[in-house]
Amino acid sequence: MRSWVEVSLRQIRANYRAVQDLVGASVEVMPVVKADAYRHGAVEVSRALIAEGAPWLAVSNVDEGIALRDAGINARILVMADFLREDREALSTYRLTPVIHSLEDVAAVRVPYHLKIDSGMGRLGTRCSPEQIVQAVTSNTNAPLEGLMTHFASSGNYDSPQTIDQVRAFERVLDAFRQAGSLPRYVHLSSTIAIAYQRKEAWGNLVRPGHSIYGYVSPSRGTGAPPSALHVAPALTWKVAVLNVKDVETGALIGYGGIHRAARPMRIAVLAAGYADGIPHRLGNRGQVIAKGKFAPIVGAVSMDLTTIDVTNVPELRAGDSVMLLGKEGKVSIDAQEMARTAGTISYAVLCGIHARVKRVYVDE
Ligand SMILES: *Cc1c(COP(=O)(O)O)cnc(C)c1O
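Residues numbered from 1 in each chain as written. Predicted model: local features only at pLDDT ≥ 70, side-chain atom pairs only at ≥ 80, totals over all residues. Heavy atoms only, no water.

Here we take up the domain arrangement of the protein chain. Segmenting the protein chain into domains produces domain 1 (9-214) and domain 2 (236-363). Averaged C-alpha coordinates put domain 1 and domain 2 at centres separated by 37 Å. Each partner contributes residues to the interface: domain 1 has nine residues there, and domain 2 has twelve residues. Across the domain 1 to domain 2 interface the summed buried area is about 1100 Å²; carbon plus sulfur atoms make up 58%. When the area that domain 1 buries against domain 2 is broken down by residue, the three leading residues are R39, H40 and H211, summing to 59%. Where domain 1 meets domain 2, there are six residue pairs in polar contact (both at pLDDT 80 or more). (Domains from an automatic or database assignment. Contact = heavy atoms within 4.5 Å. Buried area = accessible area lost by both parts, 1.4 Å probe. Polar contact = N/O pair within 3.5 Å; in protein donor to acceptor, adjacent residues only side chain to side chain.)

Here's what the structure looks like:
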């Protein structure tokens, strides 16, 4: 294989348990498997999570929900982001639970639904007043409101009042339902960051972890930012085959644009993956990989299908061996957060950027 990822379903399950243990038995856990489970493979990851006890899964759109149903996945599935008119029939056919984002859609929905409140993120969700919201929900006698939810914009930033403001705005809506005597079964606000940094006032009775299921918690920042209470580890290792190893002389130029000039006689290895596989182009002359348990710098530009590394210090590396883009070997490791920092992006984008042509292999199931 040219390039592949090894996904540890055992680690996915352990990460799920870590979330469940942290939030406690009174809070249900709905792992987020959108974007093909952050490229870990939605079907296999979902099966592992259900085996571990996950009652719900969250996806982004109806197509992702249908793919899970077609694979025989039976858990409840929440469709978080889209509510396109053409998708409405599929919701009941495939027993998918939509998140509704406007009061017009509340009036039109015919299946149990969750309602999203825009409590201050300024993206999806209704911004209507609590009274208008309760009025719209109780007027629709065809479909029950099963959950009330919101999403935070900056829950890792302890210098910003935005999360506290969002919790308050959400609680005003919750109070209106309480007063009307019609609290929904589920109340949920938290993704990984609010779980890991224990914003317990935002846990409700259901949480929506994505990143942490795959082993990541973004750092918090600001005055009084607590450490993460969630102990998870990456489940994915990304490997790539070495196509060729060769020695070049002082002054040799490497790759497109000749942006690297060998300052000494150097040994380079050519890797069978490039930006078309998801290696960020910005890693050119900047990133590194792990070769035989040692860091080896990326030299020259990252090409579409190829990447060149300096293996002068790894004389035992041969064509046909593999090196690691993400993973851990001996004492050396590179995770998606580190790769993202070097590339000027975020770990979510690194994971979601791993292209479909990169094969997936499941290990220690
Ligand atoms: C993606 C998403 C999540 C999961 O977020 P993580 O940071 O990956 O844990 C939760 N809720 C909503 C609405 C999302 O879009």
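Further remarks concern the pairing of strand β16 (residues 307-310). Burial along β16 is two-sided: the face carrying T307 and I309 and the face carrying T308 and D310 are both buried. Relative to β16, strand β13 (residues 266-271) is paired through four bridges, and the arrangement is antiparallel. Bridge assignment links I268 to a residue of β16, and that residue is D310. (Buried < 20%, exposed > 50% of the residue type's maximum accessible area, 1.4 Å probe, protein only. Helix = DSSP H or I, 4+ residues; strand = E, 2+ residues; numbered from the N terminus. Pairing = 2+ DSSP bridges.)

So, on to helix α4 (residues 62-70). Of all the residues in α4, the buried ones are V62, G65, I66, L68 and R69. Taken end-on, α4 shows its buried residues confined to a sector of 160°, consistent with a single buried face. More than 90 degrees from the buried face of α4, the exposed residues found are D63 and D70. Residues of α4 that are buried make contact with α3 (42-51), β3 (56-59), β4 (76-79), α5 (88-93) and β5 (96-100). (Arc of directions from axis to C-beta.)

Let us look at the sheet that holds strand β8 (residues 186-188). The strands making up a sheet are joined through hydrogen bonds of the backbone, oriented either antiparallel or parallel. Across the sheet, which stays open at both edges, the six strands sit in the order β3-β4-β5-β6-β7-β8 with parallel pairing between neighbours. One side of each edge strand has no neighbouring strand; the edge strands of this open sheet are β3 and β8. Put simply, the sheet's adjacent strands are angled 25° from each other on average, direction ignored. Pairing between β3 and β4: four bridges, direction parallel. Directly across from V59, in β4, lies its bridge partner V79. Its contacts with the sheet place helix α8 (residues 162-179) against β7 (145-149) and β8, and it is angled at close to 155° to β7. (Axes fitted to C-alpha atoms, helices over the stretch in contact; angles between N-to-C directions.)

This part covers the site of the ligand. As a structural note, the neighbourhood of the ligand is formed by 13 residues, with K34, Y38, T192, H211 and Y348 the closest of them. Side-chain polar atom of T192 to an oxygen atom of the ligand: 2.6 Å apart, as the coordinates give it. With respect to the ligand, the side chain of R208 contributes an N or O atom lying 2.9 Å from a nitrogen atom. When the ligand sits alone it has 390 Å² of accessible area, and the protein chains cover 90% of it. Partitioning the shell around the ligand into residue classes produces five nonpolar, five polar and three charged. (Near = heavy atom within 4 Å. Areas by Shrake-Rupley, 256 points an atom, 1.4 Å probe, with all protein chains shown as cover. Nonpolar A, V, L, I, M, F, W, Y, C, P; charged D, E, K, R; others polar.)

Let's shift gears to the pattern of salt bridges. The tally for this structure, following the rule as stated, stands at 18 salt bridges. For the salt bridge of D36 with R39, the shortest nitrogen-to-oxygen distance reads 2.8 Å. R39 sits in the buried class, given a relative accessible area of 13%. Among the ionic pairs, D175 bridges to R178, the shortest N-O distance being 2.5 Å. Of this pair, D175 and R178 both sit in helix α8, separated by three residues, roughly a single helical turn. By relative accessible area, R178 is classed as partly exposed at 46%. Shared partners join several salt bridges into a network, and the residues in it are R13, R17 and E52. (Salt bridge = Lys/Arg side-chain N within 4 Å of Asp/Glu carboxyl O.)

Next up on the list: the packing of aromatic side chains. On inspection of all chains with the given rule, the structure shows three aromatic pairs. Between the aromatic rings of Y38 and Y348, the centroid separation amounts to 6.1 Å while the plane-to-plane angle is 40°, which identifies the pairing as tilted. Here Y38 is found in helix α2 (residues 34-38), whereas its partner Y348 is found in helix α11 (residues 347-352), with 310 residues between them in sequence. On the basis of relative accessibility, which here comes to 28%, the residue Y348 falls in the partly exposed class. Following the ring pairs from residue to residue traces out a cluster consisting of Y38, Y214 and Y348. Taking NZ or CZ as reference, R185 lies 4.2 Å from the ring centre of Y186, over its face. In this structure, R199 packs its charged tip against the face of Y158, placed 4.2 Å from the ring centre. (Phe/Tyr/Trp six-rings, centres within 6.5 Å; stacked < 30°, edge-to-face > 60°. Lys NZ or Arg CZ within 6 Å of the ring centre and 35° of its normal.)

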